[in-house]
Amino acid sequence: MLSERRLEVLRAIVQDYVGTEEPVGSKALTERHNLKVSPATVRNDMAVLEDEGFIAQPHTSAGRIPTDKGYRLFVDKLAGVKPLSSPERRAIQNFLDGAVDLDDVVGRTVRLLAQLTRQVAVVQYPSLTRSTVRHVELLALAPARLMLVLITDTGRVEQRVIDCPSPIGETVLADLRARLNSRVVSQRFTEVPSLVQDLPEAFDTDDRGTISTVLATLLETLAEETEERLMIGGTANLTRFGHDFPLTIRPVLEALEEQVVLLKLLGEAGDSDMTVRIGHENAHEGLSSTSVVSVGYGSGDEAVAKLGVVGPTRMDYPGTMGAVRAVARYVGQILAES
């Protein structure tokens, strides 16, 4: 275990290196921070931090920089989440309140996160495997043609046109609509198939073919929509950090193009806790020089998807964590109200 003083020295090194991009020396630390000890003591503390792998000497310069292990300790023990200012919070709310539908919410969230953090923003669409049905509407377009409209609790709207095997009367359609909604509203998508499987038996034999066709279309829609989607923005922000990536930025950009990699990075969507993965904690080799800050968002207590940012390990962790958490909270509010 490191002493309180050495933790303070590590905190100061991380803050200075993130702020100045320059390796940090003991003289600069004692001048810039109220450590209440001599430069010689700070030098000794830095030697211990280096021996234990929390800081390293990048080249022949006199200064030191934090390692992945040093950043990890900083995030776990030393970095509080920096709250956003009132003007920042108002700006987030005003920007997101203008969204007209789910695609617009996700698009605006990506732009906002990238601007606030000046990193790459990644936002996962609400996953329908964790979504519930808000309403199913059935509209007659012609005697044997219907439109099915599926509305989810996260504001997603899906429409399908159904060609029925025989005409369906308005009374039967109204009955089907009422029975269907009484069974599936507020239910998870994964539970719907078992809830509707015996529904055709409630109707006359002549209508059962049409009822089965409608149900098959509903279940197909649910299955299609469980595919994970995400949106990414602010990739150009990485070019500002060229010197933070050891050889080239290309492996990072290539990794960011792979949706599977990004979904793994964000982690399990049902987990709403803040996650910070630093450097080599990221399994993908191309991202070993980056850090990922992610958190779940949703319309209730449970997260339906994740959002986060990817940037260099030399990141303003308290500020980034604060921005990511605040944006997730506002997006959750919008989904709850939609």
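As the structure is a computational prediction, the values presented were derived from the model and not from experiment.

Caption draft 1: Local environment of the confidence of the model for the chain. With 96% of its residues at a pLDDT of 70 or more, the chain shows a mean pLDDT of 87. Per-element averaging of pLDDT across the chain places helix H11 (residues 259-266) at the bottom with 80 and helix H7 (residues 170-184) at the top with 95.

Caption draft 2: Representation of the side chain of Asn282 in the model. Note that Asn282 resides in the loop between strand S8 (275-278) and strand S9 (290-297). Here Asn282 is in contact with Leu265, Arg277, Leu287, Thr290, Ser291 and Val292, once residues within four sequence places are set aside.

Caption draft 3: Representation of the nonpolar core. In this structure, Leu29, Leu307 and Tyr317 are the most contacted members of the largest nonpolar core, which totals 59 residues. Sort the elements by how many residues they give to this core and helix H12 (residues 317-337) lands first, with 11 residues. Counting contributing residues, this core receives three or more from each of domain 1 (2-75) and domain 2 (84-125 + 227-335). Core analysis: the next-biggest nonpolar cluster, separate from the first, contains 24 residues, Leu138, Leu146, Leu176 and Leu218 among them.

Caption draft 4: Spatial organisation of the packing of aromatic side chains. Evaluated as defined, the whole model comprises one aromatic pair. Plain terms: the ring middles of Tyr71 and Tyr317 are 5.6 Å apart, the flat faces sit at 50 degrees to each other, and that makes the pair tilted. Taken together, the positions of Tyr71 in helix H4 (residues 68-78) and Tyr317 in helix H12 put the pair 246 residues apart, joining distant regions of the chain. The pair formed by Tyr71 and Tyr317 is uniform in burial state, with each residue classed as buried. In this structure, Lys69 packs its charged tip against the face of Phe54, placed 4.6 Å from the ring centre.

Caption draft 5: Local environment of the domain arrangement of the chain. According to the domain assignment, the chain contains domain 1 (2-75), domain 2 (84-125 + 227-335) and domain 3 (130-223). A straight line from the C-alpha centre of domain 1 to that of domain 3 covers 63 Å.

Caption draft 6: Up close: the sheet that holds strand S7 (residues 230-233). Taking strand neighbours across the sheet as the criterion, the five strands line up as S7-S3-S10-S9-S8 in an open arrangement whose pairing is antiparallel. Pairing within the sheet leaves two strands with one partner each, and these edge strands are S7 and S8. Pairs of neighbouring strands in the sheet enclose a mean axial angle of 15 degrees, with direction left out of account. Inspection of the sheet shows S8 paired to S9 by four bridges, in the antiparallel sense. Within S9, the position partnered with Ile278 by the bridge is Ser291. Against the sheet, H11 engages strand S3 (120-124), S7, S8, S9 and strand S10 (305-312), with an angle of about 95 degrees to S7.

Caption draft 7: Looking closely at unusual backbone geometry. In this structure, Lys36 is a non-glycine residue whose phi angle is positive, near 60 degrees. Note that Lys36 resides in the loop between helix H2 (26-32) and helix H3 (39-51). Judged by relative accessible area, which is 72%, Lys36 ranks as exposed. Of note, Ser186 is a non-glycine position whose phi angle comes to about 70 degrees, a positive value. Mapped onto the elements of the fold, Ser186 is located in the loop between H7 and helix H8 (192-196).

Caption draft 8: Quick look at the pattern of salt bridges. Per the stated rule, a full pass over the model turns up 16 salt bridges. Here Arg5 and Asp45 are joined by a salt bridge, their closest N and O atoms 2.7 Å apart. On the criterion of sequence distance, the pair formed by Arg5 in helix H1 (residues 4-20) and Asp45 in helix H3 is long-range, its members being 40 residues apart. The closest approach of N and O atoms between Lys27 and Glu31, which form a salt bridge, is 3.0 Å. Residue Lys27 and its partner Glu31 are located together in helix H2, separated by four residues, close to a single helical turn. Each member of the pair Lys27 and Glu31 is classed as exposed. It is possible to trace a salt-bridge network through shared partners that takes in Arg5, Arg6 and Asp45.

Caption draft 9: Spotlight on the pairing of S3. With five of its five residues buried, S3 lies for the most part within the structure. Neither face of S3 is exposed, since Val120, Val122 and Gln124 on one face and Ala121 and Val123 on the opposite face are all buried. Pairing analysis gives four bridges linking S3 to S10, with the strands arranged antiparallel. Paired with Ala121 across the two strands is Val309, which belongs to S10. Sheet topology places S3 next to S7; four bridges connect them, and they run antiparallel. Paired with Val122 across the two strands is Ile232, which belongs to S7.

What counts, and at which threshold
Each residue is numbered by its place in its chain's sequence as written, counting from 1. Residue-level local features of this predicted model are given only where pLDDT is at least 70; pairs of side-chain atoms are given and counted only at 80 or more, and the full residue set underlies all totals for whole chains, interfaces and linings. Only heavy atoms go into the side-chain values, all of them from the structure, while hydrogens and water stay out. A residue's pLDDT is the predictor's confidence in that residue, given on a scale from 0 to 100. Secondary structure elements follow DSSP: runs of H or I no shorter than four residues count as helices, runs of E no shorter than two count as strands, and numbering proceeds from the N terminus. Should any heavy atoms of two residues lie within 4.5 Å, those residues are counted as being in contact. What is meant by a nonpolar core is a set of buried Ala, Val, Leu, Ile, Met, Phe, Trp, Tyr and Cys residues, joined one to another through side-chain atoms within 4.5 Å. The cut-offs for exposure are 20% and 50% of the maximum accessible area for each residue type, with area from a 1.4 Å probe on protein chains only; residues under the lower value are buried, those over the upper are exposed, and the others partly exposed. Residue ranges assigned to each domain were obtained from an automatic or database domain assignment. The aromatic pairing rule takes the rings of Phe, Tyr and Trp, using the six-membered ring of Trp, and pairs them if the centres are within 6.5 Å, calling planes under 30 degrees apart stacked, those over 60 edge-to-face and the rest tilted. Comment: the charge-over-ring label is applied if NZ (Lys) or CZ (Arg) is within 6 Å of the ring centre and within 35 degrees of the ring normal. By definition, two strands form a pair when at least two bridges between them are found by DSSP. To get an axis, fit a line to the C-alpha atoms, keeping to the stretch in contact for a helix; angles then go from 0 to 180 degrees between the N-to-C directions. Salt bridge, as applied in this entry: a Lys or Arg side-chain nitrogen positioned within 4 Å of an Asp or Glu carboxyl oxygen.

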